[in-house]
Structure formats: structure tokens, C-alpha cells
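# Secondary and tertiary structure notes
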Amino acid sequence: MCGIIGYVGPRVARDVVLAGLRRMEYRGYDSAGVAVVSGGALHVRKKAGKIANLDTALESDPLPDTGIGIGHTRWATHGGPTDGNAHPHVSCNGRVALIHNGIIENFAQLREELQGSGITFASQTDTEAAAQLLGLEVAAGTDLAEAMRRVCRRLEGAFTLVAVDAAEPDRLVAARRNSPLVVGVGEGENFVASDVSAFIEFTRFAIELGQDQVVDVTAEAITVTDFAGAPAQTHPFEVTWDLSAAEKSGYDWFMRKEIYEQPRAVADTLLGRFNPDGSLKLDELHIPEEELRGIDKIIIVACGTAYYAGLVAKYAIEHWTRIACEVEIASEFRYRDPIITRTTLVVTLSQSGETADTLMAIRHAREQHAKVIAICNTNGATIPRESDAVIYTHAGPEIGVASTKGFLTQVAACYLLGLYLAQVRGTKFGDEIAAVMNELAATPPLIQQVLDSLDPIIALAHQFAEQRSVLFLGRHVGYPVALEGALKLKEIAYLHAEGFPAGELKHGPIALVEEGIPVFVVVPPQGRDQLHDKVVSNIQEVRARGAFTIVLAEEGDTEVEPYADVLFTLPRVSTLLQPLVATVPLQMFACELATLKGYDVDQPRNLAKSVTVE
Ligand code: F6R
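Predicted, not measured: the structure shown is a model, and the values here were computed from it.

## So, the overall build of the chain
For the chain, the count of helices and strands is 19 helices and 24 strands. Relative to the 2.2 N^0.38 estimate, which gives 25 Å for 614 residues, the radius of gyration of the chain is 25 Å and therefore close to what a compact globule would have. With respect to the principal axes defined by its C-alpha atoms, the chain has extents near 80 × 55 × 45 Å. Restricting the contact set of the chain to residue pairs at least 6 apart, pairs at least 24 apart contribute 71%. On the chain, roughly 21800 Å² of surface is accessible, and the fraction owed to carbon and sulfur atoms is 49%. Between the centroid of the 53 positive side chains of the chain and the centroid of its 79 negative side chains there is a distance of 2 Å.

Written out as C-alpha cells, the structure reads:
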């Protein structure tokens, strides 16, 4: 949500900034802008719509070549997506240009105060209040970094701010509170950005800014302080992936590429986390085993796809550990006054590590003295930094807005955590844990097998390209898979899609079934109580009412054949691990159908990749 980049160095800042904005397009945006400093003045271009509109504006009215610039892709909150509301915002005295990610909660009060003292506002944004305050400070002679600190002390809410001053052609300043910002450390050049993908082309060395810090950046120096001006501790890190991981590599969409990366992503998530004898080793879990043994409740908090991964995890964790496990949508969590004690373990799932709802939920949990373990894909992001321990998913950058490898690797990491807890607490024998672990370790080639057999799914997307409504059914861990299949279709193909527990259908939703409606059914492997047979009955129920049934069942399952209009066979895995193979065809169905409809699969309307506002 909102992409931010700033550059100081010998290159043409405009080009670096535009390239960075393109790499962050995946975050979601509806306007874009750039500002550079040259000849003692600010030069700003900004346009509603895609970066292509900004490119056109720059062609007719070019920016000067200069080594300092800032750029922004905006996802509208306060004020619509217009040219005027696009960032950067310039203070009315012409001194500073400023970009912002987040929400300034006390902007109305600041605006009123500033207007009262004669300041004219040019936009409806909350951001402009910060730009005006900063402009006043520097015009009064305050040093730029100190001016930024003073402004930050007056702001409430979440913000990343980056600013340049017309009178300082070699320097930019940035600040962060509750919103991401990383500094890219080059040789004789430096960067600031919302995420490393913006500057990975130029450097893999980065510094993660902490909460409430201001950074003063020139081509040669980076100085970090807290909001009071005291020198601050920073966290340098080296990015482990390279530019190719942030590019499409011949695929039409990042989403499709990321679907195909899943065998590797799951393998990397499992890598180094179990011993040859099948026992688990989660060295990064710096919570004493003693404490893990004392846990009497687990609460998983997450949003969207990550929440569905949490629903899968619940089945596995409860089965292996016998600890009660709740799963909660993060945005609901703290408002219901959840029962949390020192013996509650909160597990948070977040691909981006910046989701504001999830962040607020874990802060609430920690205030109540719960231990928090984050399962996250983004090194050094806010959520893992504010948790007691973290299990990184190692999926590589996920750029398509619709999460795919994020989901599979979150599920895989939850299995690791569940098995580890079972090991520590002794709720499973070592050989039982080893058996599951060995099966889990063997899943990447099976995911590949699914990827190699997706032709029938592609054909179905063509068959149903004009369809208005699609249903997904599952039971047990197949239920969250159904929810995830429906979410993928909603978000990228804009279809009415619903996921249901198959047994719940007769209590209402079956009324939605009409002649020809496609219904995907995730059938559990045979052999677990009557689960399989129940689902077979559910397929018959919808088919009897005219549904076109697309049945996902394990190979060799002949029992479902008579009831499947299309049968897609899944490799054999045990029930709890089935989401790792069953989700993949549903991801591809959505990706292909959205492609056929001509939609922007990687950047669906109204959505942002990293949702940094509550
Ligand atoms: C759906 C999707 C979202 C995210 C959700 C949480 O495809 O991507 O539902 O899963 O916004 O995001 P993270 O995992 O970054 O916290």
C-alpha cells in the first residue's frame, strides 16, 4: 500500500525513482508522482492513474537531470485519486516536497490550525498537513532532520515520510512510525524505500529502520536518530534474493510465476528445519522449551489468505499437540477482549509482515503478556520485529497482489510449528513426528506434479470465462482450501465466489445451486472416519440440483468418479497435508480466468499488497 522511494547519488534520480516505483507497483496504487531538486527549486510531476500516465506527463514536461529525488505511488485514503491529491505534496512556501505512506489521524486538527495561520492547502489529503508543517520549520531556519523530528512529534497515526528541501540539493530525510521504511546502502549513493525491491537492482545491503526513527541521508552518509534526536540503533541486513526474483522471467504475470515457484518455496521453507532422523529443529524459536510446555491455548491471528492458512493450521496443531487452537481474523481480535494469559501462545501469519490489523493484534497480545510467534516472509519487517520469535517462510518476494506461494509456505511453516510443539510437549512419539515430517519433506515434487497437470483447469477457465458465480466446497482442511479458492476468484476475476463447509450447504447455501453452476469440491483422502463418504454425498446433493461438479480427489479414488463432471486427480498425501496440493489448481483457475477476462491479474482493482492501515 503506497510505494515510497528516495534517492541521493550520482545517477539521474528521476530514472532511479521511476524504476523503483515500477518495482513497487505490486503494492497497489491509484496515482503516482515524482519530485527532484535542481537549481534551488523543487520540480514536481504527479498524475492520477498508472505510472504510464506519469510517463506521458514527463515526456511533455521533462524533469531536470539531478542526483536527488523522491517518488510515490499512492493508494487513496483521504481524498480521491486525483492529480492534486497525488504525492509529493509541496509546502505552500515552496520549500519542501514530501511523500507519505499511512494515515495521519490528527490531520484535521493540524489543518485547521495551519489554515488559521494563513496556510493555503492544495489537496484533500492528510499528508499535506505534514508537508506544510515541515515547510514552516525549514523556512524558520531549523535543520532539515530536526525539522522532520519536530513534525513527527506532532503527528498521530501511522506514517512513513520522506522529504526533500529546495535549499538542500544533496540530502533527504525520512521518518517512520508503524509503517515500513528501509534504507538501501550503496557505494557513493543511498536509497530509502518502502521495500527492498525498489532498489535491489542497485544494492543488496539495507538497513531496517526501527519504530519512531528519523534518517538523514546523503550520498555518503546515513544518520539515524529517534524522534527526540538521540542516536538510534539500526538493523543492517543483506537481502538474500536478487533482481531476477523480482522480475517476471518470461511469465505473463507475477502471480503465475509465483504459482510455479511453489515447490521451491515450500522446499526452502522446510530446509534446515529438521534432522535426518525426522526430528524438528527450529533454532530460531528463542522461546524456552519450558515455556512452550506450559502453553494451554494457541490463538492464530491473521488476515485474508493468511487467515485461511491459519484455519488449516488449527486442524494440524490441535491434532498433533492437543492444545486448543483458535483462529481469529486480526482486525476483529482486540475488539472482542480476547481471553489471553501468560500461558497463551499467539501465532501470527503475515507474508508482508506489515499488515496493520495483524500488527495491532499482536501488540494487544503482548500487552496481555502472551508470547507471540510470527510466521512471516519478509525479513526484518515490523511484525517479526515486534514478536518474541519468528519463523521465516523463505518464499522469496511475493509480488502478485493475490497471495499464492505465501499461502502454501505459511501452511508449511505452521506444520513445522505444530510438529515442533508436539515434539517439545511429547504429545506424539518421535517416530510419528518423523513420519509426518518425512511426508511433508516429500511434498515439493508432488506440488510440481500438480503444476504439470493443470491443462484441465486451464480448459475449465475457458469454459467458464463468462460465468457469474462459482462455489467451492470442502470439509476439514478442505474447507479453508475452498475459502481460499473463492477468495482468489473474487479478488482477481471479480466473480461472485463462495467457499462453504460442504456439510453446511443444506442449511442454506444450497439454495444458490442452479442449473450449470460450477461447484469445485475438495475431496479428502479416503480412510479418515467417514469424512470422505460424507463429501461424496455432498457432491451428489449439488449435482442432483444441476451443478457442474469439478471434483479434486486423490488418485485412485474411483468412488467419486460417477459424480464428477470433471475429475482432477491430486497426488496421494495424508489428510492434514492435502492443502499443499489441493490449493494449486484453484489458484491457477483464478489466474487463468482473470487473464481471459483481460484483467490486471497482478494488481487487481481496489487492492493493495501490503495493507498498512487498519
Ligand atoms: C489475498 C491476499 C490478502 C493477504 C492479507 C494478509 O490473496 O493476499 O488476503 O493474505 O492481506 O496479508 P499478509 O500476509 O501480508 O499479512
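## Some details on the sheet that holds strand E21 (residues 496–501)
Strand-to-strand pairing in sheets goes through backbone hydrogen bonds, with the strands running parallel or antiparallel. Within the open sheet, the five strands sit side by side as E21-E20-E22-E23-E24. Their pairing is parallel. If you trace the sheet from one side to the other, it starts and ends with E21 and strand E24 (566–570), each paired once. For this sheet, the mean angle separating the axes of adjacent strands, direction not counted, is 20 degrees.

## So, the packing of helix H13 (residues 405–425) against helix H14 (residues 430–441)
Two elements in contact, H13 and H14, have axes separated by 11 Å at closest approach and are oriented at 165 degrees. It follows that H13 is roughly antiparallel to H14 by the angle criterion. Helix-helix and strand crossings are classified by hand; for H13 and H14 the assignment is left-handed. Seen from H13, the contacting residues are Ala412, Tyr415, Leu416, Leu419, Ala422 and Gln423; seen from H14, they are Ile433, Val436, Met437 and Leu440.

## Looking at the site of the ligand
Taken together, 15 residues lie around the ligand, and Ser350, Gln351, Ser352, Thr355 and Glu491 are the ones closest in. Within the side chain of Ser350, a nitrogen or oxygen atom sits 2.6 Å from an oxygen atom of the ligand. Coverage of the ligand by the protein amounts to 89% of the 410 Å² it exposes when considered alone. Elements with a minimum of two residues in the shell around the ligand: helix H9 (304–321) and helix H17 (478–493). Its residues assigned to classes, the shell around the ligand comprises five nonpolar, eight polar and two charged.

## Some words on the pairing of strand E2 (residues 31–38)
Among the eight residues that make up E2, seven are buried, leaving the element largely enclosed by the rest of the structure. Here E2 pairs with strand E3 (residues 41–48) via eight bridges, running antiparallel. Looking at E3, one finds that Gly33 is bridged to Lys46. In this antiparallel pair of consecutive strands, E2 and E3, the connection spans two residues, and Gly39 shows a positive phi of 60 degrees. Here E2 pairs with strand E4 (residues 68–74) via six bridges, running antiparallel. Its bridge partner being in E4, Gly33 is matched across the sheet by His72.

## Side note on the side chain of Ser279
The residue Ser279 is located in the loop between helix H7 (262–270) and helix H8 (289–293) in this model. A polar atom in the side chain of Ser279 sits 2.7 Å from the side chain of Asp277. Look past the residues within four positions of Ser279 in its chain and what remains in contact with it is Arg273, Phe274 and Gln423.

## Observations regarding the packing of aromatic side chains
Geometrically, a pair of aromatic rings is defined through the distance of the ring centres and the angle of the planes. This model, assessed by the stated rule, comprises 11 aromatic pairs. Both rings, one in Tyr251 and one in Tyr260, keep their centres 5.8 Å apart while their planes meet at 25 degrees; by these two values the pair is stacked. According to the relative accessible area criterion, Tyr260 is partly exposed, its value standing at 29%. Site record: aromatic cluster; members linked through ring pairs are Tyr7, Phe191, Phe199 and Phe202. Here the basic side chain of Arg605 rests over the ring of Tyr494, its NZ or CZ set 3.8 Å away from the ring centre.

## A few points about the nonpolar core
Membership of the largest hydrophobic core comes to 97 residues, with the highest contact counts inside it found for Ile298 and Leu489. At 14 residues, H13 tops the list of elements feeding residues into this core. What Ile298 contacts, discounting residues up to four positions off in sequence, is Ile317, Ile323, Ala324, Cys325, Glu326, Leu345, Val347 and Leu421. The next biggest cluster of nonpolar side chains, apart from the first, holds 31 residues, and it includes Leu18, Ala32, Trp241 and Ala246.

## Side note on the sheet that holds E3
Strand order in the open sheet formed by eight strands is E3-E2-E4-E1-E10-E9-E11-E14, with antiparallel pairing between adjacent strands. The outermost strands of the open sheet, each flanked by one partner alone, are E3 and strand E14 (235–238). Averaged over all pairs of adjacent strands, the angle between their axes in this sheet comes to 15 degrees, without regard to strand direction. Sitting on the sheet, helix H2 (residues 51–60) touches E2, E3 and E4, and the angle it makes with E3 is about 135 degrees.

## Details of the pattern of salt bridges
Inspection of every chain in the model, using the stated rule, returns 39 salt bridges. Close ionic contact of Arg14 with Asp65 constitutes a salt bridge, the shortest N to O distance being 2.9 Å. Pair noted here: Arg14 is in helix H1 (residues 13–23) and Asp65 is in the loop between H2 and E4, with a separation of 51 residues, a long-range link. Among the ionic pairs, Arg363 bridges to Glu386, the shortest N-O distance being 2.7 Å. Highlighted residues: Arg363 in helix H11 (residues 356–367) and Glu386 in the loop between helix H12 (382–385) and strand E19 (389–392), separated in sequence by 23 residues.

## Digging into helix H4 (residues 127–139)
The terminal C-alpha atoms of H4 lie 19 Å apart, and with 13 residues this matches the ideal 18 Å at 1.5 Å per residue to within 8%. With 10 of 13 residues buried, H4 lies mostly within the body of the structure. Within the sequence span of H4, burial applies to Thr127, Glu128, Ala129, Ala130, Ala131, Gln132, Leu133, Leu134, Gly135 and Val138. Where H4 is buried, its residues meet strand E5 (89–90), strand E6 (96–104), helix H3 (107–116), helix H5 (144–154) and strand E7 (157–165). Count one or two residues on from H4 and you reach Gly141, which has phi positive near 100 degrees.

## Observations regarding H5
Counting buried positions along H5 gives eight out of 11 residues, so the element sits mostly inside the fold. Turning to H5, its buried residues number three or more, namely Leu144, Ala145, Glu146, Ala147, Met148, Arg149, Val151 and Cys152. On its buried side, H5 packs onto H4, E7, strand E8 (168–177), strand E12 (213–217) and strand E13 (222–226). The distance from a side-chain oxygen at the start of H5 to the backbone nitrogen of Ala145 is 3.1 Å, and the residue carrying that oxygen is Asp143.

## Focus: the packing of helix H16 (residues 455–463) against helix H19 (residues 579–596)
In contact at an axis separation of 9 Å, H16 and H19 are set at 40 degrees when each is read in the N-to-C sense. The angle between H16 and H19 falls in the class oblique. Seen along the crossing, H16 lies across H19 with a hand that is right-handed. When H16 is examined against H19, the residues Ile457, Ile458, Leu460, Ala461 and His462 are found in contact with a partner set consisting of Pro585, Met588, Phe589, Glu592, Leu593 and Leu596. Here the residues of the contact of H16 with H19 are counted per class, giving nine nonpolar, one polar and one charged.

Calculation criteria
Residues numbered from 1 in each chain as written. Predicted model: local features only at pLDDT ≥ 70, side-chain atom pairs only at ≥ 80, totals over all residues. Heavy atoms only, no water. Helix = DSSP H or I, 4+ residues; strand = E, 2+ residues; numbered from the N terminus. Rg over C-alpha atoms; globule rule 2.2 N^0.38 Å. Contact = heavy atoms within 4.5 Å. Areas by Shrake-Rupley, 256 points an atom, 1.4 Å probe, with all protein chains shown as cover. Lys, Arg positive; Asp, Glu negative; His and termini not counted. Charge placed at Lys NZ, Arg CZ, Asp CG, Glu CD. Pairing = 2+ DSSP bridges. Axes fitted to C-alpha atoms, helices over the stretch in contact; angles between N-to-C directions. Parallel < 35°, antiparallel > 145°, perpendicular 65-115°, else oblique. Left-handed = near helix turned anticlockwise from the far one by under 90°. Near = heavy atom within 4 Å. Polar contact = N/O pair within 3.5 Å; in protein donor to acceptor, adjacent residues only side chain to side chain. Nonpolar A, V, L, I, M, F, W, Y, C, P; charged D, E, K, R; others polar. Buried < 20%, exposed > 50% of the residue type's maximum accessible area, 1.4 Å probe, protein only. Phe/Tyr/Trp six-rings, centres within 6.5 Å; stacked < 30°, edge-to-face > 60°. Lys NZ or Arg CZ within 6 Å of the ring centre and 35° of its normal. Core = buried A, V, L, I, M, F, W, Y, C linked by side-chain atoms within 4.5 Å. Salt bridge = Lys/Arg side-chain N within 4 Å of Asp/Glu carboxyl O. Expected span 1.5 Å × (residues − 1).

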